[in-house]
Each structure stands twice: as C-alpha cells, then as structure tokens.
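# What the coordinates show
The chain contents come next:
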Amino acid sequence: MNEIAKSGLIQQDVQGGRMVAVAHHVTALLCLISTAVIAAWLWKYSAYGLDFTDDSFYIVWMENPYIYSFSTTQFGFIYHWLYVLLDGDIASLRRFNILTTLFLAWWFAYFFLSWLAPEAQTRRLSLFAAAGGIATSALILFDSWLPTPNYNGLALHALFITGIGAVLAERSHHLRSCTGWLLIGLGGWLAFMAKPSTAFALAIVLSIYLLGSKKFSLRLLLLSISTAVALLIVSALLIDGSVEAFARRVQLGIKYGQNLNGTNILQILRIDNFRFRVKDQLIAAAIAAVGLAGIWGIITAKPRGAFLAVAISICVLSLIAALASGAIHGTIGLGEFQGLSIFGVMLIAAVASFLFGGRRTLKEISSAQWSMAALFISMPYVYALGTNRNYWVNGSWAGIFILLAFVTLLGPIARARRNWAFVLPLASCTQAVAAVLLQTGLEQPPRQPQPLRLNDTIIEVGPRRSPLVLSSGFASYITDSVRIAQESGFPPGTPVIDLSGHSPGILFALGAKSIGQPWTLGGWPGTFEFAKASLDQVSCDEVAAAWLLLEPNGPNSIPTELISALGPNFPSGYQKVGDWQTAKGAAGFDRRRGQEFYKPTNPDAGREACRALRAGSAE
C-alpha cells in the first residue's frame with residue numbers, strides 16, 4: 001500500500017474517531033435534556049391534584065406535628081420547618097420533594113459509578129449524564145402521584161444518603177472516608193425518623209456489608225453510631241423535651257399501630273408474591289433489546305454504531321417530550337406491579353456484561369464490589385419492611401439500588417474503556433421506563449376522578465391559602481364545606497373530630513385542628529380502639545370543644561359511640577350546623593356521599609363528663 005493510501009486511511013480513522021466522539025457528546029447531552037424534561041414535567045404538575053386521604057394526611061402531619069402524643073413515623077417533625085419556610089405552599093413542598101429525590105439519587109449514582117471504575121473519568125460529561133439518567137429511576141416513587149413529602153420519600157432519601165456514605169467509607173481515617181461514616185450515621189437517623197422498621201433492617205444489612213467488604217473499623221463505626229445517637233437525642237429533646245417521653249411516643253405508636261393493622265413481627269418479616277405477566281416480560285425484553293443495541297453501537301467505536309446510540313436517545317427524548325406535553329394520553333397498563341418493569345434495564349446490564357466483557361468479567365469484580373452489590377440488592381426489602389402494601393410494589397420505589405447492583409457487572413468494561421459513555425443507552429432506557437410509569441400516576445391518580453391534565457379549577461386550599469389546580473368536583477367539595485363552616489361560625493384553628501374515617505383533606509381545607517391523629521383512620525380492624533386511644537391523649541378541654549364531621553353510613557365511618565366513650569353525649573350535646581356532598585372519586589369512592597357538620601352545644605358539660613370518665617378509669 002502506497003503512502004497516499006495509508007494517509008487516506010489514517011485521515012478517515014481520525015475523522016471517524018472525531019465523529020464518534022461528537023456522537024458520544026450528543027448522546028450525553030440528549031440524556032441530560034431528557035432528565036431535565038422529566039423534572040420540568042413533574043415541576044409543572046406539582047400544583048395539580050389533591051388526595052383527601054394520604055396526601056392530605058402528610059400535609060396535616062407536617063403542619064403542626066407537636067400536638068400529637070404518639071407516632072411511629074416522625075417525618076412531620078422533619079418537614080415542619082420546610083412547611084413553615086415555604087409558608088405552607090403545597091406545590092412548593094412537592095417540588096422540593098421531587099428535586100431532592102432526583103438530586104440525592106443523582107449524586108448517589110455518580111459517587112457509585114466513580115467508585116466502581118475510578119479510571120473511567122476521562123469523559124466527565126458522559127459520567128454525569130449516565131448518573132442523571134439512572135437517577136430518574138428514583139422518580140418512580142411518584143408513579144402513584146403522592147408527591148407531598150412523606151415517610152416513604154424520607155426513607156428513600158435516608159437510604160440514598162446511607163448509600164453515598166457506604167461508597168465513601170473506608171477503613172482509613174482521611175476526610176473522604178470520615179465523611180462517608182458521618183453520612184452513614186445521618187442516613188440511619190433519618191431512616192429511624194421515617195420508619196423504625198427500615199432503620200432496624202438497615203443496621204443489620206450495613207453490619208453484614210461492612211464485615212464482608214473488609215471496611216469494618218470499630219473507631220469509625222463508633223463515629224457513625226455517635227452521629228445517629230446524637231441526632232436522635234437532639235430530636236427527642238426538640239420534639240418531646242426528653243428522651244423518655246420520645247421513647248414513649250414511639251413505643252405507643254408501634255403498639256397502637258400493630259393493634260390497628262393487626263400485624264405482628266412474623267407478618268412484617270415476610271416475602272410477598274408478585275406477578276410478572278407475559279406482557280410484562282415482552283416489554284422488559286424490548287427494553288433490553290433497545291438498550292443492548294445502543295451499547296453495542298457505542299462499543300463498536302464506529303460512526304454508524306455511535307449514530308445508532310444517538311438515534312435511540314432522540315427517540316427516548318421524543319417519547320418523554322410527547323408524554324410531558326400531553327400529546328400522549330394513554331397508559332401502558334402494567335397494573336399493580338408496574339414498577340418491576342425496571343427489570344428490563346437490569347437485564348441490559350446483565351447481558352451486556354457477558355456480551356461485551358466476556359467470561360473474565362466476574363473475575364475482575366472485587367470482593368468489596370460484590371459486597372456493595374449484595375447490600376444494594378437488599379435495600380428494596382429494607383425500604384419496604386413494615387409497610388402494609390405488597391413488598392414488591394413498595395420495594396420497586398427503591399429499584400435504583402438493584403439497578404446499580406447490576407451495573408456493578410459493567411465495572412470491568414468501564415475500567416477497560418476508561419469511560420462510562422457506553423452506559424448512556426442504558427440510562428436512556430431507564431428514563432423511558434420512569435417516564436412511562438410517571439404517566440400512569442398523572443393519568444390515573446389514585447383516589448382522584450380524572451387525569452391531572454384535565455383539572456381546570458384553581459382553588460386556594462387550607463389556612464395558608466395554597467393554590468392548587470383541581471377537578472371542578474373536588475373544588476366544589478372544598479368550596480361547599482368551607483362556605484358552610486364559615487356560615488355556621490366555625491373559627492379556624494378549632495379542634496375537629498373526623499368520624500368519616502377518610503377526610504383529613506377537608507379538615508385541612510377548613511383550617512381545623514385535627515386532634516388525636518392527623519388522620520383518624522377508618523375502615524380497618526381496630527379503628528374504633530385506635531381512634532379512642534388517640535383521643536384519650538387529648539385534653540378534655542379540646543375533646544369537649546371539638547366539632548364533629550360525620551358521614552352517615554359511610555364506607556369507612558367510625559361509629560358515633562366513640563364520642564360517648566370519650567365523655568360528651570352525642571347527639572344530645574351537639575347541633576347539626578350544615579351538610580354537604582362529597583365529590584365523585586374522593587377517597588377513592590365513585591359514589592358521592594353526604595357529610596354532616598356538628599358543633600358542641602354545651603362544652604362545659606362535655607368537659608366534666610370527660611374528666612369524670614377518665615377519673616373513673618384511673619381508679
């Protein structure tokens with residue numbers, strides 16, 4: 001071959017290399033744009049919708065958590081300062097929760113990928129974009145559209161912080177390692193404040209991980225424990241004034257919660273069943289095929305392959321943009337276990353590691369990396385432990401941990417290539433899955449009557465007049481109840497006992513003080529006993545002064561005998577001041593139901609009856 005021909009081939013290789021490099025940058029930028037579009041999409045809809053049960057419970061809990069004597073979760077105290085800082089604006093609270101979830105997941109993924117392949121940082125843009133794309137899987141938390149800060153979100157944030165700490169922590173005492181151990185302590189404290197069951201399980205799996213990864217250091221472990229204990233003591237003092245009172249709060253919360261749910265420790269430590277239908281399997285296979293094609297395109301280092309990866313990223317961005325703009329209204333219809341569709345992305349990592357890494361892949365993964373992967377695989381169970389929901393459904397919200405555990409298999413390829421650009425198609429597939437699942441939550445929000453995009457009525461809700469975009473039916477429900485309460489002379493801040501069993505949102509809209517518990521839950525075995533135990537912690541002055549919200553013959557109504565069991569006499573001691581109709585879809589019921597509002601006519605007599613009843617019980 002003559003010199004001219006050689007020179008031409010070299011020039012073609014150089015041009016081809018430049019085209020591949022440009023294509024990689026374009027793929028990374030498209031991945032970042034897709035992440036931004038998903039965040040903007042959720043930002044917009046944060047002002048839409050209101051669930052009168054769970055979502056409203058979260059708001060009432062954080063509005064004034066100090067009035068409740070016992071509680072299992074303490075998320076209300078964690079977010080109370082945020083509620084005050086944002087002046088009770090519900091949309092702003094939701095946006096904070098969404099962005100916090102995304103950015104904690106993003107940094108968690110970034111630190112993990114950097115730790116997994118320290119050599120693979122030659123293309124920071126690809127690393128950062130890949131971490132951001134993978135982080136969107138954490139937004140699956142909102143696929144049932146309960147975006148208001150709550151214990152589920154706080155528990156997930158705690159696991160992210162703990163995960164970052166586990167990545168950074170080493171046996172050595174340098175600053176990075178000490179920061180990791182401090183973060184483990186911080187994450188453990190937050191996990192306890194969210195769900196004690198999650199904190200308990202987290203302590204067990206972390207202990208096993210630290211021993212298995214040979215990171216164990218008694219001195220640094222004491223740093224983590226001291227951090228968690230110190231934060232817990234400060235929390236106890238700020239919440240209840242003493243550690244003993246705080247311990248009593250948690251103990252009573254667990255005791256009464258078990259009575260309400262009828263669960264015991266053996267029922268909590270369970271393995272639930274799940275369904276992965278043929279349709280689910282085909283979708284997972286399709287996701288895997290697309291992701292593998294994109295990874296192949298980048299690994300070939302040829303312009304055609306790189307452009308294939310760009311084309312996949314463009315298709316994903318187009319899909320996300322179509323969903324966010326409302327151009328696509330349908331849902332994929334995967335049902336209760338839709339969160340398990342993230343398995344398709346995990347399959348990409350597993351197959352790619354053997355297709356493009358070969359048999360040596362497993363041998364090149366260190367024991368520390370295997371230990372980290374095992375820790376991450378356990379995290380969804382740690383997260384779900386203690387919930388009443390199916391553990392597979394609840395655990396899928398923490399599916400990012402299992403996804404990153406599978407990404408461990410790609411570490412040897414990243415170290416050999418010295419970059420993470422080849423993972424960008426996997427990140428794009430993650431974004432596509434997250435967007436499709438989020439679409440389900442926005443199109444079929446639980447316990448709401450219609451897709452959020454159809455909401456067209458702006459109404460100011462609650463004592464701080466937080467604007468929300470609701471359906472016309474929900475808006476009328478709130479407007480009617482507030483108008484009738486005002487016409488009856490109901491003063492904001494007055495205690496109310498909700499016997500409907502599912503209306504904390506209406507109490508919040510009225511500006512009422514929900515005594516006993518933020519949500520006097522109905523419809524469960526033991527609800528009467530739980531409601532009485534809660535209200536027995538309230539002073540007789542407030543019990544006697546409390547107005548009543550009733551829903552006669554409602555599906556979750558609590559018997560009015562509860563009032564007599566507290567001391568005041570119903571109905572003779574109360575006057576009906578008005579009634580209204582619920583909205584279709586409120587609390588998840590299609591049929592509209594009548595609700596009635598009562599005020600006490602002789603609070604003094606009710607107070608004396610309450611005191612006499614309690615004095616008799618104490619003897």
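Residues numbered from 1 in each chain as written. Predicted model: local features only at pLDDT ≥ 70, side-chain atom pairs only at ≥ 80, totals over all residues. Heavy atoms only, no water.

## Considerations on the overall build of the chain
The helix and strand inventory of the chain stands at 26 helices and seven strands. For the chain, the C-alpha radius of gyration of 27 Å lies close to 25 Å, the compact-globule estimate for 619 residues. Principal-axis analysis of the C-alpha atoms gives the chain an extent of 110 × 55 × 40 Å. Counting every position in the chain, which comprises 619 residues, the buried fraction comes to 56%. Residue pairs at least 24 apart in sequence account for 77% of intrachain contacts in the chain once pairs closer than 6 positions are excluded. For the chain, the exposed surface amounts to about 24,800 Å²; the carbon and sulfur share of it is 62%. Charge separation in the chain, taken as the distance between the mean sites of 45 positive and 35 negative side-chain charges, equals 13 Å. (Helix = DSSP H or I, 4+ residues; strand = E, 2+ residues; numbered from the N terminus. Rg over C-alpha atoms; globule rule 2.2 N^0.38 Å. Buried < 20%, exposed > 50% of the residue type's maximum accessible area, 1.4 Å probe, protein only. Contact = heavy atoms within 4.5 Å. Areas by Shrake-Rupley, 256 points an atom, 1.4 Å probe, with all protein chains shown as cover. Lys, Arg positive; Asp, Glu negative; His and termini not counted. Charge placed at Lys NZ, Arg CZ, Asp CG, Glu CD.)

## A few points about the sheet that holds strand β6 (residues 574-581)
Sheet architecture is open: five strands sit in the order β4-β3-β5-β7-β6, paired in mixed fashion. For this open sheet the edge positions go to β4 (513-514) and β6, each flanked by a neighbour on one side alone. With two bridges joining them, strand β3 (residues 495-498) and β4 adopt parallel strand pairing. Bridge pairing in β4 links Val496 to Ser514. (Pairing = 2+ DSSP bridges.)

## A short note on the layout of surface pockets
Of the pockets and cavities examined, the second largest pocket occupies roughly 420 Å³. If you go around the second largest pocket, you meet 21 residues; those closest to its centre are Ile184, Gly188, Ala203, Ile225 and Ala228. Only α7 (175-194), α8 (196-212) and α9 (218-240) provide two or more residues apiece to the lining of the second largest pocket. Broken down by element, the lining of the second largest pocket gets its largest block of residues, eight residues, from α8. In the lining of the second largest pocket, the residues fall into 17 nonpolar, four polar and no charged. (1 Å grid on protein atoms, 1.4 Å probe; cavity = no way out; pocket = protein on both sides within 12 Å on 5 of 7 lines; lining within 4 Å. Points joined across faces, edges and corners; volume = space filled by probe spheres on them. Nonpolar A, V, L, I, M, F, W, Y, C, P; charged D, E, K, R; others polar.)

## Side note on the packing of aromatic side chains
What describes a pair of aromatic rings is the distance from one ring centre to the other and the angle between the planes of the rings. If you walk through the whole model with that rule in mind, you get 37 aromatic pairs. Taking the centre distance of 5.9 Å and the plane angle of 15 degrees together, the rings of Trp420 and Phe422 count as stacked. Each member of the pair, Trp420 as well as Phe422, carries the same accessibility label: buried. Through successive ring pairs, a cluster of aromatic residues spans Phe57, Tyr58, Trp61, Tyr66, Tyr68, Phe75, Phe77, Tyr151 and Trp519. Against the face of Tyr383 rests Lys195, its NZ or CZ located 5.7 Å from the ring centre. (Phe/Tyr/Trp six-rings, centres within 6.5 Å; stacked < 30°, edge-to-face > 60°. Lys NZ or Arg CZ within 6 Å of the ring centre and 35° of its normal.)

## Some points on helix α14 (residues 343-357)
Between its first and last C-alpha atoms α14 spans 20 Å; for 15 residues at 1.5 Å apiece the expected length is 21 Å, and the two agree. Taken together, the buried residues of α14 touch α12 (278-299), α15 (360-363), α18 (399-407), α19 (411-417) and α20 (424-443). One or two steps after α14, the chain reaches Gly358, where phi turns positive at roughly 80 degrees. (Expected span 1.5 Å × (residues − 1).)

## Details of empty space enclosed by the protein
Enumeration over the complete set of coordinates arrives at three cavities of 30 Å³ or more. The space that makes up the largest cavity amounts to roughly 60 Å³. Trp41, Tyr45, Leu323, Ala324, Ser325, Gly326, Gln439, Leu442, Glu443, Leu452 and Arg453 are the residues that line the largest cavity. Residues belonging to the lining of the largest cavity are distributed by class as follows: six nonpolar, three polar and two charged.

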